[in-house]
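Commentary on secondary and tertiary structure
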Protein chains: 2
Amino acid sequence: MTLFAKAALLPSGWARDVRLTLRAGTIHSVTPGAAPLPGDHRAEILLPGLPNLHSHAFQRGFSGLTEHRGPTPDSFWTWREMMYRFALTLSPEAMQAIAALAYAEMLEQGFTRVGEFHYLHHAPDGRPYANPAEMSARIFAAASETGISLTHLPVFYAHGGFGPQAPGAGQRRFLHSPDAFARLVQSCESMARPQDRIGLAPHSLRAATMGEITTLAQAFPNRPFHIHIAEQQAEVADCLTHTGQRPVDHLLSHAPVGPDWCLIHATHLTPAETRALAASNAVAGLCPITEANLGDGIFPAADFLAAGGRFGLGTDSNVQITAKGEAQMLEYSQRLGTRGRNICADHGSTGARLFRAALAGGAQALGAPAPQLAPGAPADLVALHDSMGFAMADDRLLDRWIFGTDLTVADVWAHGAHLVQQGRHIHAARLRAAAAAACRALL
Amino acid sequence: MTLFAKAALLPSGWARDVRLTLRAGTIHSVTPGAAPLPGDHRAEILLPGLPNLHSHAFQRGFSGLTEHRGPTPDSFWTWREMMYRFALTLSPEAMQAIAALAYAEMLEQGFTRVGEFHYLHHAPDGRPYANPAEMSARIFAAASETGISLTHLPVFYAHGGFGPQAPGAGQRRFLHSPDAFARLVQSCESMARPQDRIGLAPHSLRAATMGEITTLAQAFPNRPFHIHIAEQQAEVADCLTHTGQRPVDHLLSHAPVGPDWCLIHATHLTPAETRALAASNAVAGLCPITEANLGDGIFPAADFLAAGGRFGLGTDSNVQITAKGEAQMLEYSQRLGTRGRNICADHGSTGARLFRAALAGGAQALGAPAPQLAPGAPADLVALHDSMGFAMADDRLLDRWIFGTDLTVADVWAHGAHLVQQGRHIHAARLRAAAAAACRALL
């Protein structure tokens, strides 16, 4: 496959008239200042594909169906009850259908890899399926159906809260013994395509003890290692009560947190925790739309970036699936919190800073090579269309994509496959119909 | 024109199988539980069209082009410098072309009326055009070209700051004497179509003295009367310094604020100001995306709604034009600020509360009959498509539209004209090309 782009974001910066050749899932050559050849796919603006570092694919199935107020004040915790009810009824077939729609939509939005933080393992009654990796197999099948590259993160979940507390009935599909979990990880290895990665995800300090977390980290080294942390203030308070430390402080002082680690949310940080998290070289896994939707709070991005912190973006609950929207909400939440503008910018373009950081941080967190338009890199490409036809080749394109509406995703390639064409996934109609049927049965 | 909708939001609530007839810009009949007849336009989900109560159409021309950081900390005030530079170069032709694109996009998003807060009156050198209403005429022309209903709000601007200070050079296109302004209002009357309204907009407490504001309110009673207020903390501080009162307190205690009034932004309110604004029955003109983009701050929506306050939604800077997005950002800014969920809901659906409030408040602020699917109401209609085909007929549709991605605008009618078909304005291509050409000349 060959492409010709009028403007492309290369590792060295923006270039015009760039011709690329793709071979076997990777970029073979990149030639700026070239002429197009017959047969080249013509693109306007070419970017590397973004990693989506945090997804619970099944939650796409109830997008928009928890936006109503109950008799008690609404919070993350009342939302979680609704989410559990949906999770408890989901069949393996429905999981695959809903995940495939979510992954097709991710591709349509410019994500070429997804980190699936996967905790829905067992049958509705809590017993393992005949194949204990049945639900993970459905995630791999959805990734294969859609063509997105997958970092699968099977979740270790053992407890219902700090203490540890016994798990609740709503958590029965999530639970593993350490041995059964280790077998699940091995099963996942056998399902991975060459472009896929297998990581691990102790769910949270609520659901795994520090001993379990550090044992897992030792048993499975050099893999993406993700954990939810400090998303809600109630969790911070519980952690303080049980450990005398705040969650991020507690984790950093007891576990070997380093570049393989991704701390999902990390919303509630003291200035000292912010600096320590940055210094760990772990990635902060920010999910700005979900964090707004769930009323989590505002991540201290300016201080974290000033300390050299690394972050990536995730779609988490998938209430909306949008790459530009996550970057935009990260910046807008900062502006609302600080009453300034261009908070995530260093100097120059805010969009470019957000895009480059999310690209590098997302790839690091997902154990994947950083997407870049360079020979040898994965052929994960996003072509944008500029409906205003401004013929720019500079960072303003990223500002206009993320904050405006004139630029839209036209084409996407993942691992070299041309999966999104004219804005639609090549199997969009079929995948949407299957997911809609699965969801209708759950309404 | 006749329509048949599978689900429609009537004044009495949701109904299925609703047949409507339109005549001369109004709804003639509404029949729930009907059968479709040959020739009916078939819609899935039918809503009244939303009013967009605050637009500066020309700012659409630099959407996404101010999202970069300069050498000094970025703020509303550095953004305003960039905006002034763009405003000072804009020709009447460019104004019309850019406004027409903005209005077509508003229709595509479900807005059927726009309140144009119009302050760019004079030639780039500050002198009046041969026709002093030239620039207003361009706004009327853009509304006519696109079919959107217009509440035109010519702006009275006389000073550069509290004191009053002399206007700055960047404000020279905005300025009027009271007499010249009165003539402009009369000129606008002569350009209005039957569905249009003419209001007034003293720009702000910075740009008009209290004496000028109250004189205008007496001279032109019973019209929409809009003013920017308490958007930025620096403005609150300036007002305190010069008057001893905060802006909303100062306005409410010196001007006859009532149901004709719309206070744009009103972001920075004490609890007492919040209650007093609600009690005035004026509309709070909220522009949540612009308020996030400009780092204005978070409006105290929960307290304002608890006090019975009225609000509507506006797209203001038009950095993005989206009806659902404004409602979503209002709610998300509240969740980020309070760390709860469904803050704008009363009980039940958050989407429905936001939609109904914005419909009523927007219409009140724009001096227009409230859009509703009822005989005699304006034929301002929005048809949504549900890509999941859930066949619902309840408020969850509004939650899913505003917070999810499955529902999209398919068709829009304004004043009875079928202006958006299959998601696109009927003149979209031509209007976009003209606006793009105008903008390219300004880059």
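**Details of the packing of aromatic side chains**
- One pass over the full model with this rule turns up 26 aromatic pairs over all chains.
- Measuring from ring centre to ring centre gives 5.9 Å for A:Phe76 and A:Trp79, while their planes differ by 40 degrees; the resulting arrangement is tilted. Of the two residues, A:Phe76 and A:Trp79 both sit in helix H1 (residues 76-87), 3 residues apart, roughly one turn of that helix. Comparing A:Phe76 with A:Trp79, the two get one shared label, buried.
- Between the aromatic rings of B:Phe62 and B:Trp79, the centroid separation amounts to 6.4 Å while the plane-to-plane angle is 50 degrees, which identifies the pairing as tilted. In this pair, B:Phe62 sits in the loop between strand S5 (50-55) and strand S6 (68-69) while B:Trp79 sits in helix H1 (residues 76-87), placing the two residues 17 residues apart along the sequence.
- Through successive ring pairs, a cluster of aromatic residues spans A:Phe58, A:Tyr84, A:Tyr119, A:Tyr157 and A:Phe174.
- Across from the ring centre of A:Phe403, 5.3 Å away, lies the NZ or CZ of A:Arg335, which sits over that ring.

**A word on the sheet that holds strand S2 (residues 13-23) of chain A**
Residue and element names in this part refer to chain A.
- Read across the sheet, 8 strands follow the order S3-S2-S1-S4-S16-S17-S18-S19 without closing on themselves; strand pairing throughout is mixed. Each edge of the open sheet is held by one strand with a lone partner, namely strand S3 (26-31) and strand S19 (424-425).
- In terms of strand pairing, strand S18 (residues 417-421) meets S19 through 2 bridges, oriented antiparallel. Counted as the bridge partner of Val420 is His425 from S19.

**Section: the interface of chain B and chain A**
- The partner chain A presents 66 residues to the 66 residues of chain B that form the contact.
- Counting every contact that joins chain B to chain A gives 8 salt bridges.
- A:Arg432 serves as the salt-bridge partner of B:Asp406, at 3.3 Å between the closest nitrogen and oxygen.
- Linking chain B to chain A there are 42 residue pairs in polar contact (both at pLDDT 80 or more).
- For the side of chain B that touches chain A, the element with the most residues is helix H11 (residues 323-338) of chain B, which contributes 7 residues.

**Here's the deal with empty space enclosed by the protein**
- Within this structure, the stated rule accounts for 11 cavities of 30 Å³ or more.
- Size it by volume and the largest cavity reaches roughly 180 Å³.
- In terms of residue count, H1(A) provides more of the lining of the largest cavity than any other element does, 5 residues in total.
- In terms of residue class, the lining of the largest cavity is built from 8 nonpolar, 7 polar and 5 charged.
- Put simply, the second largest cavity is a space of about 160 Å³.
- For the second largest cavity, the lining is made up of 17 residues, of which B:Phe76, B:Trp79, B:Met83, B:His203 and B:His228 are closest to its centre.

**Describing the environment of A:Ala437**
All names here are of chain A.
- Its place among the elements puts Ala437 in helix H14 (residues 428-440).
- Residue classification places Ala437 among the partly exposed positions, given a relative accessible area of 40%.
- Sequence-wise, Ala437 and Ala94 are 343 residues apart; in three dimensions their C-alpha atoms are separated by 8.6 Å.

**Digging into the pattern of salt bridges**
- Per the counting criterion, the structure on display carries 42 salt bridges over all chains.
- Here A:Arg19 makes a salt bridge to A:Asp40, at a shortest N to O gap of 2.7 Å. Of this pair, A:Arg19 sits in strand S2 while A:Asp40 sits in the loop between S3 and strand S4 (41-48), placing them 21 residues apart in sequence.
- Judged by relative accessible area, A:Arg19 falls into the buried class, the value being 17%.
- What makes A:Asp40 buried here is its relative accessible area of 8%.
- The residue B:Arg206 makes a salt bridge to B:Glu235 at a minimum N-O spacing of 3.5 Å. Within this pair, whereas B:Arg206 is found in the loop between strand S10 (201-202) and helix H5 (210-219), its partner B:Glu235 is found in helix H6 (residues 233-243), the two being separated by 29 residues in sequence. The residues B:Arg206 and B:Glu235 share a single accessibility class, namely buried.
- Counted as one network, the salt bridges with shared partners bring together A:Arg60, A:Glu105, A:Arg432, B:Asp386, B:Arg400 and B:Asp406.

**Observations regarding the relation of the copies chain B and chain A**
- Between the two copies, chain B and chain A, the superposition gives an RMSD of 0.0 Å; the rotation angle is 180 degrees and the shift along the axis is 0.0 Å. The transformation relating the two chain copies, once decomposed into turn and shift, fits a two-fold axis.
- Both copies present the same face, since 100% of the interface residues in chain B are matched by interface residues at the equivalent positions in chain A.

**Quick look at unusual backbone geometry**
- Here the bond from A:Gly163 into A:Pro164 is cis, since omega is -5 degrees, no more than 30 degrees from zero.
- Of note, B:Asn222 is a non-glycine position whose phi angle comes to about 60 degrees, a positive value.
- Mapped onto the fold, B:Asn222 is located in the loop between H5 and strand S11 (225-229).
- The backbone phi angle of B:Asp316 is positive, close to 50 degrees, even though this residue is not glycine.
- Positionally, B:Asp316 belongs in the loop between strand S14 (310-313) and H11.
- We classify B:Asp316 as buried; its relative accessible area is 4%.

**A few points about helix H7 (residues 247-254) of chain A**
Residue and element names in this part refer to chain A.
- Residues of H7 that are buried include every one of Pro247, Val248, His250 and Leu251, and no others. Each buried residue of H7 sits inside an arc of 160 degrees when the element is viewed along its axis, so together they form one side.
- At its buried positions, H7 is contacted by helix H5 (210-219), strand S11 (225-229), helix H6 (233-243), strand S12 (261-265) and helix H8 (271-280).

**A few points about the pairing of strand S13 (residues 283-286) of chain A**
Residues and elements named next belong to chain A.
- Judged by which residues are buried, S13 turns out to be covered on both faces: Val283 and Gly285 on one side and Ala284 and Leu286 on the other are all buried.
- Pairing analysis gives 3 bridges linking S12 to S13, with the strands arranged parallel. Its bridge partner being in S13, Ile264 is matched across the sheet by Gly285.
- Remark: the S12/H8/S13 crossover connection has right-handed handedness.

**Points about the layout of surface pockets**
- Looking at the largest pocket, its volume works out to about 2,100 Å³.
- Forming the walls of the largest pocket are 47 residues, and the residues nearest its centre are A:Gln109, A:Thr405, A:Thr408, B:Gln109 and B:Thr408.
- Within the residue set of the lining of the largest pocket, elements represented by two or more residues are helix H2 (92-109), helix H11 (323-338) and strand S17 (407-414) of chain A together with helix H2 (92-109), H11 and strand S17 (407-414) of chain B.

**Considerations on the sheet that holds S13(A)**
Residue and element names in this part refer to chain A.
- Spatially, 4 strands are ordered S11-S12-S13-S14 in an open sheet, and the strand pairing comes out parallel. Either end of the sheet is taken by a strand with one partner, and the two such strands are S11 and strand S14 (310-313). In this sheet, adjacent strand axes meet at a mean angle of 30 degrees when their direction is disregarded.
- Summarising the sheet, S11 and S12 pair through 5 bridges and their orientation is parallel. Across the sheet, the residue bridging to Ile229 is His265, located in S12.
- Contacting S11 and S12, H5 runs over the sheet at an angle of about 160 degrees to S11.
- Contacts from H7 reach S11 and S12 within the one sheet, and its direction differs from that of S11 by about 150 degrees.

Rules behind the numbers
- Residues numbered from 1 in each chain as written.
- Chains lettered and ligands numbered in written order.
- Predicted model: local features only at pLDDT ≥ 70, side-chain atom pairs only at ≥ 80, totals over all residues.
- Heavy atoms only, no water.
- Phe/Tyr/Trp six-rings, centres within 6.5 Å; stacked < 30°, edge-to-face > 60°.
- Helix = DSSP H or I, 4+ residues; strand = E, 2+ residues; numbered from the N terminus.
- Buried < 20%, exposed > 50% of the residue type's maximum accessible area, 1.4 Å probe, protein only.
- Lys NZ or Arg CZ within 6 Å of the ring centre and 35° of its normal.
- Pairing = 2+ DSSP bridges.
- Contact = heavy atoms within 4.5 Å.
- Salt bridge = Lys/Arg side-chain N within 4 Å of Asp/Glu carboxyl O.
- Polar contact = N/O pair within 3.5 Å; in protein donor to acceptor, adjacent residues only side chain to side chain.
- 1 Å grid on protein atoms, 1.4 Å probe; cavity = no way out; pocket = protein on both sides within 12 Å on 5 of 7 lines; lining within 4 Å.
- Points joined across faces, edges and corners; volume = space filled by probe spheres on them.
- Nonpolar A, V, L, I, M, F, W, Y, C, P; charged D, E, K, R; others polar.
- Least-squares fit on C-alpha atoms with pLDDT ≥ 70 in both.
- Arc of directions from axis to C-beta.
- Right-handed = clockwise from strand over helix to strand, strands pointing away.
- Axes fitted to C-alpha atoms, helices over the stretch in contact; angles between N-to-C directions.

Note that every value here comes from positions in space, so none of it alone points to a role or purpose.
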